[in-house]
Amino acid sequence: MCNTCGCSNPEEYKIFRPSEHHHDHEHEHEHFHGDEPHSHPHVHDHPHPHGHDHSNAHGHDHDHSHPHDHNHGHDHSHSHDHGHSHDHDHDHSSAKVIDLNIGIMSQNNLLAERNRGYFEGRGILCLNLVSSPGSGKTTILEKTIQALLPKEKIYVIEGDQQTARDAERIEQSGAPAIQINTGTGCHLDANMIQVALKKMEVSADAVLFIENVGNLVCPAMFDLGEQKRVVVISVTEGDDKPLKYPYMFQSSQLCLINKTDLLPYVDFDVEKASANARQLNPKLEIILLSARTGEGMQQWFDWISNQKNK
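Here's what I pulled together on the structure shown here. (Residues numbered from 1 in each chain as written. Predicted model: local features only at pLDDT ≥ 70, side-chain atom pairs only at ≥ 80, totals over all residues. Heavy atoms only, no water.)

## Thoughts on the overall build of the protein chain
Secondary structure assignment for the protein chain yields eight helices and 13 strands. Residues counted as buried form 43% of the 310 residues belonging to the protein chain. For the protein chain, long-range pairs separated by at least 24 residues make up 69% of all intrachain contacts whose partners lie at least 6 apart in sequence. Put simply, the protein chain shows about 16,500 Å² of open surface, and 48% of that area lies on carbon and sulfur atoms. (Helix = DSSP H or I, 4+ residues; strand = E, 2+ residues; numbered from the N terminus. Buried < 20%, exposed > 50% of the residue type's maximum accessible area, 1.4 Å probe, protein only. Contact = heavy atoms within 4.5 Å. Areas by Shrake-Rupley, 256 points an atom, 1.4 Å probe, with all protein chains shown as cover.)

Written as structure tokens, this is what we have:
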């Protein structure tokens, strides 16, 4: 489980190129609880660059014994039906809980700074695109790649819980892509980006887009090492989005309001949405656009060029 937001197992994610072959491995682990051994089947999806299927069957015996040594004032034991006991001492100090949270985020932030140093050292502009599901991030990226590829080197890291569909769309648009599947995880973190960069070396002076998992909550907490965070909302979502998800808008430098071609058909007040966002972040830049019709897209392209030239 993620120690920060409570989602997933931090080792659950998978990173692969869309063209890589995937297949399942089935194996069983034999565990001893009490006096009776029993087995659990496990299925894993592993990327392999070769073209054949194979399965692995494993049997493992596990006998776990571990001592606990606690240096504070009281002892108590817990008995469990599956045949082992633990002695625990607890210190319920609120200060230690706070320190734990700081430590968790410090590790991510340290890796994020390393990523940022890598980008800055190679002249790479890294933009982290965040939004709720269905805002149109991938379509915006497709149109951006098609418009900028003649003069820019573009790479994309895609974040989704499952499938490589978005990464496949990106590669069809002409840019190399790496897919990160987070499983039950709801965000990308700096370590995932670092691992992805080892699988896809980004050229110097390129533009790297990170399309984060669709979620306006948890991705706001995790610095990936990007130079700029771009939050995307669409007119189909409601003009109160900034007020409902304030930290995402406070931590972003640009807001793209997408699907403006639908404004005549939806109840969305552009001025109210912009005012709500700037109430939280007075420095937030806002661009109205429609990835479908192309309206406002040139302003977005110019913004990217301006960031490159800074």
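Structure's up, so let's keep going.
## Some details on the packing of helix 2 (residues 137-148) against helix 3 (residues 165-173)
As a packed pair, helix 2 and helix 3 sit with axes 9 Å apart at the nearest point and diverge in direction by 15°. One way to sum up the angle between helix 2 and helix 3 is to call them roughly parallel. Taken as a pair, helix 2 and helix 3 cross one another with a handedness that is right-handed. In contact with T138, T139, L141, E142, I145 and Q146 of helix 2, helix 3 contributes D166, R169, I170 and S173. Here the contact of helix 2 with helix 3 is built from residues that sort into three nonpolar, four polar and three charged. (Axes fitted to C-alpha atoms, helices over the stretch in contact; angles between N-to-C directions. Parallel < 35°, antiparallel > 145°, perpendicular 65-115°, else oblique. Left-handed = near helix turned anticlockwise from the far one by under 90°. Nonpolar A, V, L, I, M, F, W, Y, C, P; charged D, E, K, R; others polar.)

## Points about unusual backbone geometry
With phi around 70°, T163 is a residue other than glycine that occupies positive phi space. Phi is positive for D205, close to 65°, though the residue is something other than glycine. Looking at the secondary structure, you find D205 in the loop between helix 4 (190-199) and strand 10 (207-211).

## Points about the pattern of salt bridges
In this structure the tally under the stated criterion is eleven salt bridges. In this structure, the salt-bridge partner of E142 is R169, at a minimum N-O distance of 2.8 Å. One end of the pair, E142, is in helix 2; the other, R169, is in helix 3, with 27 residues separating them in the sequence. Note on E142: relative accessible area 16%, which makes it buried. Judged by relative accessible area, R169 falls into the partly exposed class, the value being 30%. The salt bridge involving E152 is made with K308; its shortest N-O contact spans 3.7 Å. With E152 in the loop between helix 2 and strand 8 (154-160) and K308 in helix 8 (residues 297-308), this residue pair connects regions lying 156 residues apart in the sequence. Judged by its relative accessible area of 17%, E152 falls in the buried class. (Salt bridge = Lys/Arg side-chain N within 4 Å of Asp/Glu carboxyl O.)

## Notes on the sheet that holds strand 8
In a beta sheet, neighbouring strands pair by backbone hydrogen bonds and run either parallel or antiparallel. Strands sit in the order 1-9-8-10-7-11-12-13 across an open sheet of eight strands; the sheet is mixed. What marks the edges here is a single partner per strand, and that holds for strand 1 (14-16) and strand 13 (285-288). The sheet shows a mean angle of 20° between the axes of neighbouring strands, direction not considered. In this sheet, strand 13 lies alongside strand 12 (residues 254-258) in parallel orientation, the contact comprising four bridges. The residue of strand 13 that forms the bridge with I257 is L288. Sheet strands in contact with helix 2 are strand 7 (125-131), strand 8, strand 10, strand 11 (228-234) and strand 12, and its direction is about 170° off that of strand 8. (Pairing = 2+ DSSP bridges.)

## Notes on helix 2
With twelve residues, helix 2 extends 16 Å from end C-alpha to end C-alpha; this agrees with the ideal 16 Å at 1.5 Å per step. Within the sequence span of helix 2, burial applies to K137, T138, I140, L141, E142, T144, I145 and L148. (Expected span 1.5 Å × (residues − 1).)

## Focus on the packing of aromatic side chains
Ring pairs (aromatic) are described by centroid distance and by the angle formed between their planes. Taken as a whole, this structure holds three aromatic pairs when the rule is applied. Between Y118 and F119, the aromatic rings sit 5.9 Å apart at their centres with planes inclined by 65°, giving edge-to-face as the arrangement. Here F209 and W300 contribute two aromatic rings whose centre-to-centre distance is 6.4 Å and whose plane-to-plane angle is 45°, an arrangement assigned as tilted. A residue pair is termed long-range when its members are at least 10 positions apart, and F209 in strand 10 and W300 in helix 8 qualify at 91 residues. A residue is classified by how much of its surface remains accessible, and F209, at 0% relative accessible area, is buried. Residue classification places W300 among the buried residues on the basis of a relative accessible area of 0%. Among the aromatic residues, ring-to-ring pairing joins F209, W300 and W303 into one connected group. (Phe/Tyr/Trp six-rings, centres within 6.5 Å; stacked < 30°, edge-to-face > 60°.)

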